[in-house]
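If you want the building blocks of each chain, they are given just below.
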Amino acid sequence: MVAIGKILFLGVVLLVGVTHGYQVKPRNYDKIVQQQMKFNEEFEKEFLVEHLLYTETGNMSVRLQEMFEYLKHKPDMFRQELDNHPLEYQTTECTACRSLVTTYLTYRRVLNWDRDRIAAQAASTCDSLAILLPENCVKIIDKNIDIFLYIIDNRPSLTAQTICGVIFQSGACVLQDPEFLNWSINVAPGGTPITSSKTGPNRGPNDIKIIHLTDLHYDPHYRTGYNAVCGEPCCCREEQGIPENPAEGAGEWGDYRDCDSPWKAVEDAVQEAGRRHPDAAYVYHTGDIIDHGVWMTTIPGNVRSITRTMELLKQVFPNKPVYNVLGNHEITPTNVFAPSHITRPDFSASWVYDLVADQWSTWLPAATKPTIQHGGYYTALVRPGFRVIGLNNNDAYTFNWWILYDPAYLRSQLQWLHDTLLQAELAGEKVHILAHIPIGAGTSFAPWSRQYRRILDRFWNTVQAHFHGHTHADEFNVFYSQANPQHAINVAFNGGGTVPFSNFNPNYIVYYVNPQTFEVTDFESYFFSLSEANRNPLRNPLWQPLYSFNRDFNIPNSSPASLDALARRFGSNPAELHRYWQHKVKFGDPFIEEGCDGACLMNHLCEIVTNTANDDTKCNEIIALFREIEDDKWNFEQ
């Protein structure tokens, strides 16, 4: 079936996990959704009939060819994660999901097709939609099909509507299944009442410095000069050959096109952070070591890449604690973190949990090992009064297919988080939370995000900051109280990424943290121009400051209150918002050349203030300011 999930609804795009983004809804959005839902139902039924006829006769009708053409993905969408796709693409993707899942559910449950027949047909569909090369369609389907068949065979009530509602959770793919919606964790009463936005201290001379590295995406198959425009989701790899046009060859230090990082670039970034900031006290590393060649990942290959990267961190930071979390790419198949009670060897995630429990033990106390081995998460006391929590929130990534099997298993880690924060509160400790997937992203399962925000409302005064990766963008997200949405109560900072995939310049972040309250007071980003580095391949890249945030945006500190006020300022000052966007994309040449118009800037503005998929409350509030801007204020350079 959903090998179809991964591939057919344009799944490689979903697997890749690049920059996420909010999409501002038009005023008639509800009407559009209702029309699209009706269209999907009709298209879904017709597609099933046409596809059944095709599998019976071997002849593809003109109508089925037209339907496949309608469902085909736009190649440039390979660069972006689902919620950054334009709304018109999202509606097509939802149509594809409903049609394909219904068809393959019928083949399995009604016609009793076996594994090999479903795999062969899914590979044919993947080829028809031109998502991957035919041989790579076969590889990625083979990686995933046994998991999907296990899920649908053991969940006979699972429907296409629920499957697509979990994965897309937007537009016409509406999740209505109460089993997936109506679960909760236990939240203790009490806590400090939220009566205003959370303020914080200004940067001081004794602040602690913390380095944030993320999304290294080391590709052992990267080869300088090899094809960077290969037409697949990940290029610059040895098996893709040397192009006839040298301009289409991979750069020495990486490539803006859909390519990951050679080892020398990974090494350079980590070493630069260590060299430039010897006075940093700690290092946060928020995951995604593994490359985007999702059709050919293996356990031994992932083990080698993770081990090599951990050894590099130990060498560069021999006397500094490094706090790591898992990225969605660390597992194979990519994204698919099975619940701990799934012990079947070819499904279990225990191999990666055991691996990192051992490798992270350099920096973590022995008491963290049981939770890491159970689910890839932990807590550690950094110093008296200051605690770190490392989450594995990849389990709530909407492309983790095990959500479809057992949504209730998401409760376990969230309840542990709540209970850990309760103990921290009782001990008078302040907490930083590390997680790979941005909690406010549209690809973070919305019911999980709502439960997370219940926890944050309760412990807003204990949690001082969040640190994320995944998007490759240098950005921040302001959390608002669910009960009192006018109050900003926390901030999530994103480390961007040292990988250029796709269109970015590499970067890392340094935070300044108050040594008494452990609040982030300011932060700086460091980057290099990939174009300049590749023009000078015989020397190391020239790293330089990208910004010092408080100074560049003229704010007193980086508290939730200050960053909420800044977001509102962005809402009435498009030139300043445009400058934030330039920093967010790290002046990547392709981004700057394309520019970001008013609609684009509105999406980036809404992304700052959105905490849960489909919760448009803060977005609607802030773009009301944006839409009132007079035309003459748009005279900034693209």
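What counts as what
Residues numbered from 1 in each chain as written. Predicted model: local features only at pLDDT ≥ 70, side-chain atom pairs only at ≥ 80, totals over all residues. Heavy atoms only, no water. Helix = DSSP H or I, 4+ residues; strand = E, 2+ residues; numbered from the N terminus. Rg over C-alpha atoms; globule rule 2.2 N^0.38 Å. Buried < 20%, exposed > 50% of the residue type's maximum accessible area, 1.4 Å probe, protein only. Areas by Shrake-Rupley, 256 points an atom, 1.4 Å probe, with all protein chains shown as cover. Lys, Arg positive; Asp, Glu negative; His and termini not counted. Charge placed at Lys NZ, Arg CZ, Asp CG, Glu CD. Expected span 1.5 Å × (residues − 1). Pairing = 2+ DSSP bridges. Axes fitted to C-alpha atoms, helices over the stretch in contact; angles between N-to-C directions. Disulfide = S-S within 2.5 Å. Salt bridge = Lys/Arg side-chain N within 4 Å of Asp/Glu carboxyl O. Phe/Tyr/Trp six-rings, centres within 6.5 Å; stacked < 30°, edge-to-face > 60°. Lys NZ or Arg CZ within 6 Å of the ring centre and 35° of its normal. UniProt positions renumbered as here; feature names shortened; annotations may be inferred. Contact = heavy atoms within 4.5 Å. Parallel < 35°, antiparallel > 145°, perpendicular 65-115°, else oblique. Nonpolar A, V, L, I, M, F, W, Y, C, P; charged D, E, K, R; others polar. pLDDT = per-residue confidence, 0-100.

A word on the overall build of the protein chain. In terms of regular secondary structure, the protein chain is built from 23 helices and 12 strands. Here the C-alpha radius of gyration of the protein chain, 24 Å, is about what a compact globule of 638 residues would show, namely 26 Å. Expressed along its principal axes, the backbone C-alpha trace of the protein chain runs to roughly 75 × 60 × 60 Å. A burial count over the protein chain gives 65% of its 638 residues as buried. Just so you have it, the protein chain exposes about 22400 Å², and 50% of that area is on carbon and sulfur atoms. Across the protein chain, the 52 positively charged side chains and the 74 negatively charged ones have centroids separated by 4 Å.

The next subject is helix α15 (residues 410-426). When the terminal C-alpha atoms of α15 are compared, their 25 Å separation across 17 residues agrees well with the 24 Å that a helix rising 1.5 Å per residue should span. Among the residues of α15, those classed as buried are L410, Q413, L414, Q415, W416, L417, H418, T420, L421 and A424. Where α15 ends, the next residue or the one after it, G428, has phi of about 70 degrees, a positive value.

Strand order in the open sheet made by the 6 strands is β3-β2-β1-β10-β11-β12, with mixed pairing throughout. Two strands in the sheet have a free side with no partner beyond their single neighbour: β3 (322-324) and β12 (544-548). Between one strand axis and the next, the sheet turns by 25 degrees as a mean value, whatever way the strands run. Inspection of the sheet shows strand β10 (residues 507-513) paired to strand β11 (residues 520-527) by 7 bridges, in the antiparallel sense. Opposite V510, over in β11, you have E524 as the bridge partner.

This structure, assessed with the given rule, holds 7 disulfides. Here C236 is linked by a disulfide to C259, with a sulfur-sulfur distance of 2.0 Å. Across the S-S bond linking C236 and C259, the dihedral sits near 65 degrees, which makes this disulfide right-handed. One end of the pair, C236, is in the loop between β1 (208-213) and α10 (263-276); the other, C259, is in the loop between β1 and α10, with 23 residues separating them in the sequence. Just as C236 is buried, C259 falls in that class too. Shown here is the disulfide that connects C596 with C600, its sulfur atoms set 1.9 Å apart. Looking along the S-S bond of the C596-C600 disulfide, the torsion reads about -95 degrees, which is the left-handed sense. Lacking any disulfide linkage, C234 is separated from the closest cysteine sulfur, that of C259, by 6.6 Å.

Turning our eyes to something else, we now look at the pattern of salt bridges. By the definition in use, this model includes 34 salt bridges. Put simply, E69 and K72 hold a salt bridge, and the shortest N to O gap is 3.6 Å. What you see here is one network of salt bridges that share partners, running through R115, D116, D142 and D146.

Another aspect to go through is the packing of aromatic side chains. By the definition in use, this model includes 42 aromatic pairs. Pairing Y107 with W113 gives two aromatic rings, centres 3.9 Å apart and planes at 5 degrees, and the pair type is stacked. Each member of the pair, Y107 as well as W113, carries the same accessibility label: buried. It is K314 that lies over the ring of W363; its NZ or CZ is 6.0 Å from the centre. Against the face of Y480 rests K618, its NZ or CZ located 4.2 Å from the ring centre.

So, about the pairing of strand β4 (residues 378-383). A regular strand carries its side chains on alternate faces of the sheet. Across 5 bridges, β4 lies against strand β5 (residues 386-390) in antiparallel orientation. When the sheet's bridge partners are listed, L381 is paired in β5 with R387. In this structure, the hairpin formed by β4 and β5 is closed by a connection of 2 residues, where G385 is found at a positive phi of approximately 90 degrees.

The next point concerns unusual backbone geometry. In this structure, P333 follows T332 across a cis peptide bond, with omega equal to -5 degrees. Position of P333 among the secondary structure elements: in the loop between β3 and α12 (350-359). For the peptide bond that leads from F501 to S502, omega is -15 degrees, which places it in the cis range. Within the fold, S502 resides in the loop between β9 (488-494) and β10. Even without a glycine there, the phi angle at F587 is positive, about 55 degrees. On the secondary structure map, F587 appears in the loop between α20 (574-584) and α21 (589-594). Since its relative accessible area comes to 30%, F587 is described here as partly exposed.

This part takes up the sheet that holds strand β7 (residues 463-468). Taken together, the 6 strands give an open sheet; going across it, the order is β4-β5-β6-β7-β9-β8, and neighbouring strands pair in mixed fashion. Pairing within the sheet leaves two strands with one partner each, and these edge strands are β4 and β8 (476-480). Pairs of neighbouring strands in the sheet enclose a mean axial angle of 25 degrees, with direction left out of account. Relative to strand β6 (residues 430-434), β5 is paired through 5 bridges, and the arrangement is parallel. If you follow G390 over to β6, its bridge partner there is L434.

With that settled, the discussion passes to the UniProt feature "binding site: Zn(2+) 1" (unreviewed entry) in the protein chain. The sites that UniProt annotates as "binding site: Zn(2+) 1" (unreviewed entry) are D215, H217, D288 and H472. Annotated residues spanning 258 residues; largest pairwise C-alpha distance 10.4 Å, indicating a single compact cluster. By the secondary structure assignment, D288 is in the loop between β2 (282-285) and α11 (299-316). If near-sequence neighbours (up to four positions away) are discounted, D288 is found in contact with D215, L216, H217, G327, N328, H329, E330, H436 and H470.

This part covers the environment of S128. Relative to the elements of secondary structure, S128 occurs in helix α6 (residues 115-128). For S128, a relative accessible area of 24% corresponds to the partly exposed category. The sequence separation of S128 and E69 amounts to 59 residues, and the corresponding C-alpha distance is 8.6 Å. Not counting residues up to four positions away in its chain, the partners in contact with S128 are M60, F68 and K72.

To continue, consider the packing of α15 against helix α16 (residues 446-458). It is at 11 Å that the axes of α15 and α16 come closest, and there the two elements cross at 5 degrees. On the basis of their axis angle, the class for α15 and α16 is roughly parallel. Contacts between α15 and α16 involve L410, L414, L417, H418, L421, L422 and E425 from the first element and W448, Q451, Y452, I455 and R458 from the second. For the contact of α15 with α16, the per-class residue count stands at 8 nonpolar, 2 polar and 2 charged.

Okay, the confidence of the model for the protein chain next. On average, the protein chain scores 91 in pLDDT, and the residues at 70 or more come to 90%. Across residues 1-20 the pLDDT falls below 50, and counting only partners more than four positions away or on other chains, this stretch makes 109 contacts in the model.

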